[in-house]
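As a plain string of letters, each chain reads:
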Amino acid sequence: MSTNSLTSTGRAGDSGDKIFSGATLAAGGLILAVLFSVAVFLLVQALPTFSADPAEITGGAGFGSYILPIVIGTVIAAAIALLIATPLGIGVALFISHYAPRRLAQIFGYVIDLLAAIPSVVYGAWGYAVLAPQLAIAYAWLAEYLGWIPIFEGPASQTGRTMLTAGIVLAVMVLPIITSLSREIFLQTPNLHEEAALAMGATRWEMIRMAVLPFARPGIISAAMLGLGRALGETMAVALVLSGGALQASLIQSGNQTIAAEIALNFPEAFGLRLSELIAAGLVLFVITLAVNIIARWIISRHKEFSGAN
Amino acid sequence: MSKRIDVKDLNVYYSKFLAVEDVNINIEARSVTAFIGPSGCGKSTFLRTLNRMHEVIPGARVEGEVLLDGDNLYDAAVDPVTVRSQIGMVFQRPNPFPTMSIRDNVLAGVKLNNRRISKSDADALVEKSLQGANLWNEVKDRLGRPGSGLSGGQQQRLCIARAIAVSPQVILMDEPCSALDPISTLAIEDLINELKNEYTVVIVTHNMQQAARVSDKTAFFNIAGTGKPGKLIEYGETAAIFSKPAEKATEDYVSGRFG
Amino acid sequence: MTSATLSRRKSQLTKGRLPRYAVWVVLAAAVVLAAAVSALVGFSIVTWAVFAAVFFVVGATLVTATVEGGRKATDSLATYLVYGCFLLALLPLLSVIWTVLERGLPGISYDFLFTSMNGVTGAVDNSAAENGTPVLGGAYHAVIGTLQITLWATLISVPVGLLAAIYLIEYGTGGPLTRAITFFVDVMTGIPSIVAGLFAAALFGLLFGPGTRTGFVAAVALSVLMIPVVVRSTEEMLKIVPNELREASYALGVRKWRTIMKVVIPTAISGIASGVTLAIARVIGETAPILVTAGFASAINWNVFSGWMSTLPTFIYYQILTPTSPTNIDASTQRAWAAALLLILMVMLLNLVARFVARMFAPKTSR
């Protein structure tokens, strides 16, 4: 056996392989480490907040009553965004996948994707300078005629820089996410199902309701969840558009605040305990978005297994 | 150049699944050996164990010995890379590297391994290999063009040129003509006939006429049923396998009664 | 029945269907009616358009319902709504692009592109407004900051992202580690950008003392956002490299790492490069992480490792929210929109480059 001539070169060249595969493994591990350390570093830096005297926390009543209003504000802003963007996004996706002339569909897809290419600070500036003044007129009308509904209670903001405006700007920002994911799902609908429905004499809408939407439901849900994750964490649109303040029911008055905007607006001047507070707020935001994203991914992966079996 | 291969008691596994069972075969140097058999009988799997290409698939492993002129390929100290540089392989579908020119494709074995080679040596190697693959006259004016611009049959001969440029001892061919038209197939078969003057050639083929045309010896593989391991049923002179096989299964297969 | 009578008789297949022009008639009626109604409540283009849309959808659906029946009416209602969704989605896009062009173009000048805000104070803006002289000060420092920070983020993210993608596709065995990395890369794509900024701030705060703010901290924050995008797109590209090429290389006695470096990556390079470009386009417009990591500067700072830095997005943000001269905010507004135009042009350019790269360096296939 010692005369085996194939071993004469030895395995010296192997080291290149080992170094390279080690490097790739390290990079993969680094990603896990980063995500883990995001959680750890935020936690460590946030700790002073939890051990501090409640009276020293902003608001003077402890971290819980500091964070709760802005958590609710965050959820309200994201909910408005989602309520607007989900139906709209599904409509746009259907338009591109099933209604638009085939040759133009791809171009329309690019156009909608352009919405995603515009930086968030530009949306914020647009919401602040263009959208808010326009909406202020509508808010005055809402306050006058629908003021008895708590969310439209007057007096309406003169500048239009309110929660509803922020929510609408967020809706524009998450629209391309929901659209592109839904569009992909709609295009994956088995052609056979669609043709079967059409062959039975179904109208286009009946075909969509019978064959496309049931197939796409999990995909739409997860698209909406990913949009939600984005809306929850979006900072600039809210920081620029919303004239923030204490929590309140009316969406057309100034007031309310979101976690991300609270951090962006206050972090540059913060130090000491205030810094810890904001980092703790960031940790809360991180946990919320993490949960939303994990649920969305879970729905997607479950759906993948499902369609893979077919 | 050219070495013989002796396989002793070889079992091939994919994880726990036994794919090929208990193969013993002696392949002569400077000869063409054909592996025939129905789809899924393990002939391609077995071929890939001859240069340890099956290890590319996670979980694949073997028991037994494969001796190249007496040296065991599966000795713990043997580097699979050494094995593969001595035992080349040509695949079912032509697969020239799409990012490389014809010339670079031929030199791939040298260049990818970062071996230094002078320009004149490289030119000589390219010409020798392409001539060895009967392709030189067709491509000598366009060596700088992408390899993927050639016809399917030319691409396959380019792959053969690429394999012989690293001067292997053995060339394994896994259904090299199954994606080609009849004229290209003929060119490859002619080439195989020439290659056996210098190399040991092992070819897996679906096409029994092809086996009869090109090979000196033929091995017939078969499986008893789905999920059962493939086995070597019969191995002998090609003429004998096709005219008076010893086994009933071989006779059924070569006479076209199944498979 | 002769063919002559056949052609004169009305087709049975079009019986009970509205003629094509009916839709246009309803649309015209809706537009006129809407003009009248909106004149009653106080005319404006917006109310007119809203009323016209509502009247058209209701009217057309009712007409279809009476002539063609309920099922057809539902179908056409759905069609109008779907088209309406698309038009509605175009509105903000057009509005944003129009606004940025209209307000940004006047501010673009040589001075704006090649001077910083160093020494530009409220008094300067005030005197410019009073004397009608051109607005001074520009975004040069912010452009440099943007390029520097993005460059460093790219230098960190691309190797890590590429190698991790190679691990997942070429070395991953589908074991728990591979699955964990894939899952957490997905999760990482959803990290809010401000949280990425806080992470980098917290990390460097612990290592180098609280309040450490430099361009490099911002680059780390952007890397957290960029790495998952690079991993995802590279993975997709590596997946479509045919296995046959890897096998061909192995069969020549080439080691795995050389096969990856010299065969797999060159084959996929166009897709990888365009994915990286898109990832850069994504992070170049990020604002929130820069706010909490790089601080704000009005002068040029070439050094990412020390001192505060501005980028175009933070420049826009501060010019709008805290105008240089609180009494004459027009100067700041003009600078902000000019910077927004510049930023959008950069992002669009990167998107175009990505498309171009994907097409240009695609492996030559048989022609």
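The structure presented is a predicted model; accordingly, all values stated were derived computationally and were not measured.

Procedures and definitions
- Residues numbered from 1 in each chain as written.
- Chains lettered and ligands numbered in written order.
- Predicted model: local features only at pLDDT ≥ 70, side-chain atom pairs only at ≥ 80, totals over all residues.
- Helix = DSSP H or I, 4+ residues; strand = E, 2+ residues; numbered from the N terminus.
- Rg over C-alpha atoms; globule rule 2.2 N^0.38 Å.
- Buried ≥ 20, exposed ≤ 12 C-beta atoms within 10 Å, placed from the backbone.
- Contact = placed C-beta atoms within 7 Å.
- Pairing = 2+ DSSP bridges.
- Expected span 1.5 Å × (residues − 1).
- Arc of directions from axis to C-beta.
- Core = buried A, V, L, I, M, F, W, Y, C linked by C-beta atoms within 7 Å.
- Domains from an automatic or database assignment.
- Nonpolar A, V, L, I, M, F, W, Y, C, P; charged D, E, K, R; others polar.
- pLDDT = per-residue confidence, 0-100.
- Axes fitted to C-alpha atoms, helices over the stretch in contact; angles between N-to-C directions.
- Parallel < 35°, antiparallel > 145°, perpendicular 65-115°, else oblique.
- Left-handed = near helix turned anticlockwise from the far one by under 90°.

Student: Teacher, can you tell me more about the overall build of chain A here?
Tutor: A tally of regular secondary structure across chain A gives ten helices and zero strands. Scanning chain A from its N terminus toward the C terminus, one meets helices and strands in the order α-α-α-α-α-α-α-α-α-α. Rg of the C-alpha trace for chain A: 25 Å, well past the compact-globule value of 19 Å for 310 residues, more than 25% over. Based on the C-alpha atoms only, the size of chain A along its principal axes is roughly 95 × 70 × 30 Å. Here chain A, with 310 residues, has 49% of them falling under the buried criterion. For chain A, restricting intrachain contacts to residue pairs at least 6 apart in sequence, the fraction spanning at least 24 positions comes to 77%.

Student: Please explain the overall build of chain C as it appears in this structure.
Tutor: Within chain C, the regular secondary structure consists of 15 helices and zero strands. Compactness check: chain C gives a C-alpha radius of gyration of 29 Å against a globular reference of 21 Å for 367 residues, more than 25% above the reference. For chain C, the spread of C-alpha atoms along the principal axes amounts to about 90 × 80 × 40 Å. Across the 367 residues of chain C, 50% fall into the buried class.

Student: Even after reading the chapter, I still don't get the sheet that holds strand 4 (residues 60-68) of chain B, so can you show me in this structure?
Tutor: Strands pair in a sheet through their backbones, by hydrogen bonds, and they do so in one of two ways: parallel or antiparallel. Residue and element names in this part refer to chain B. Strands sit in the order 5-4-1-2-10-9-3-8-7-6 across an open sheet of ten strands; the sheet is mixed. Strand pairing shows two members of the sheet lacking a second neighbour, strand 5 (71-72) and strand 6 (87-90), which therefore form its edges. Strand direction decides the pairing type here: strand 3 (residues 32-36) and strand 8 (residues 200-204), joined by four bridges, are parallel. Within the sheet, the bridge partner assigned to F35 lies in strand 8 and is V204.

Student: Whenever I open this one, helix 5 (residues 119-132) of chain B confuses me. Can you help?
Tutor: Residues and elements named next belong to chain B. Taking 1.5 Å per residue, 14 residues should reach 20 Å; helix 5 reaches 20 Å between its end C-alpha atoms and fits that length. For helix 5, the full list of buried residues reads L125, V126, S129, L130 and G132. Each buried residue of helix 5 lies within a common arc of 155° when the element is viewed along its axis, so the set occupies one face. In helix 5, the exposed residues that point more than 90 degrees away from the buried face are S120 and A124. Taken from the residues just after helix 5, N134 is the one with a positive phi, measuring 55°.

Student: What exactly am I supposed to notice about the nonpolar core here?
Tutor: Side chains of a nonpolar character, in soluble globular proteins, are inclined to be buried together. In this structure, V122(A), L170(A), F199(C), A339(C) and A340(C) are the most contacted members of the largest nonpolar core, which totals 282 residues. Ranked by the residues each element gives to this core, the list is headed by helix 2 (residues 62-99) of chain A, at 18 residues. Of the domains in this structure, domain 1 (1-51) and domain 2 (55-302) of chain A are the two that each give at least three residues to this core. Non-local contacts of A339(C), meaning those with residues more than four positions away in its chain, are made with A139(C), A142(C), L312(C), F315(C) and I316(C).

Student: How do you make sense of the interface of chain C and chain A when you look at a structure like this?
Tutor: Accessible area lost upon the coming together of the parts serves often as the stated size of an interface. With 73 residues of chain C at the contact, the number on the chain A side is 68 residues. Along the lines of polarity and charge, the residues of the side of chain C that touches chain A split into 55 nonpolar, twelve polar and six charged.

Student: Before we go on, may I ask you to explain the environment of L343(C) in this structure?
Tutor: Relative to the elements of secondary structure, L343(C) occurs in helix 15 (residues 330-360). Ignoring any residue separated from it by four or fewer positions in sequence, one finds L343(C) in contact with P119(A), V122(A), G285(C), L312(C) and P313(C).

Student: I keep staring at the pairing of strand 2 (residues 17-27) of chain B and nothing clicks. Help me out?
Tutor: Where a strand is regular, its side chains alternate between the two sheet faces. All names here are of chain B. As paired strands, strand 1 (residues 5-14) and strand 2 are joined by seven bridges and run antiparallel to one another. Counted as the bridge partner of I5 is I27 from strand 2. Hairpin connection between strand 1 and strand 2: a loop of two residues separates the two successive antiparallel strands, and S15 in this loop has a positive phi of roughly 50°. Pairing of strand 2 with strand 10 (residues 230-237), which is carried by two bridges, proceeds in the parallel orientation. Among the inter-strand pairings, E21 is bridged to a residue of strand 10, identified as K231.

Student: Help me understand the environment of T33(B) in this model?
Tutor: Residue and element names in this part refer to chain B. As for its placement among the helices and strands, T33 is situated in strand 3. For T33, a count of 25 C-beta atoms within 10 Å translates into the label buried. It is 13 Å that separates the C-alpha atoms of T33 and F46, two residues lying 13 residues apart in sequence. Contacts of T33, omitting those with residues within four sequence positions, involve I27, V202, S215, D216, K217 and A219.

Student: Any chance you could explain the environment of A340(C) here in plain terms?
Tutor: Position of A340(C) relative to the elements: it lies in helix 15. Note on A340(C): 32 C-beta atoms within 10 Å, which makes it buried. Once the C-alpha coordinates of A340(C) and R255(C) are considered, the two residues, 85 residues apart in sequence, prove to be 49 Å apart. Every residue in contact with A340(C), bar those within four places of it in the chain, is listed here: V122(A), A125(A), V100(C), G104(C) and I316(C).

Student: Is there a simple way to explain the confidence of the model for chain A in this structure?
Tutor: Segments scoring low in pLDDT should not have their predicted coordinates read at a detailed level. Residue and element names in this part refer to chain A. Of the residues in chain A, 95% reach a pLDDT of 70 or more, and the chain-wide mean stands at 84. Within chain A, no element has a lower average pLDDT than helix 10 (residues 273-308), which sits at 80, and none a higher one than helix 2, at 91. Overall, residues 306-310 carries pLDDT values under 50, and its contacts beyond four positions in sequence, including any with other chains, amount to zero contacts.

Student: Got a minute to help me understand the packing of helix 14 (residues 312-321) of chain C against helix 15 of chain C in this structure?
Tutor: For any two helices packed against each other, one specifies the crossing angle of their axes together with the interaxial distance. Residues and elements named next belong to chain C. Two elements in contact, helix 14 and helix 15, have axes whose closest approach is 8 Å; the angle formed by their N-to-C orientations is 155°. Relative to helix 15, the element helix 14 is oriented roughly antiparallel. Where helix 14 crosses over helix 15, the handedness of that crossing is left-handed. Counted together, L312, P313, F315, I316, Q319 and I320 of helix 14 and S332, T333, R335, A336, A339, A340, L342 and L343 of helix 15 form the full contact between these two elements.

Student: Quick question: what am I supposed to make of the domain arrangement of chain A here?
Tutor: All names here are of chain A. Parsing chain A into structural domains produces domain 1 (1-51) and domain 2 (55-302). Computed from C-alpha coordinates alone, the two centres of domain 1 and domain 2 are separated by 38 Å. Residue-level contacts link seven residues of domain 1 with ten residues of domain 2. Looking at the side of domain 1 that touches domain 2, its residues break down into five nonpolar, two polar and no charged.

Student: So what exactly am I meant to see when it comes to the packing of helix 6 (residues 191-199) of chain A against helix 7 (residues 204-233) of chain A here?
Tutor: Residues and elements named next belong to chain A. The N-to-C vectors of helix 6 and helix 7 enclose an angle of 160°; their axes lie 8 Å apart at closest approach. Judged by the inter-axis angle, helix 6 sits roughly antiparallel to helix 7. Like other packed secondary-structure pairs, helix 6 and helix 7 cross with a definite hand, here right-handed. Residues H193, E194, A197 and L198 of helix 6 pack against E206, M207, M210, A211, V212 and F215 of helix 7. Residues that form the contact of helix 6 with helix 7 fall into these classes: seven nonpolar, one polar and two charged.

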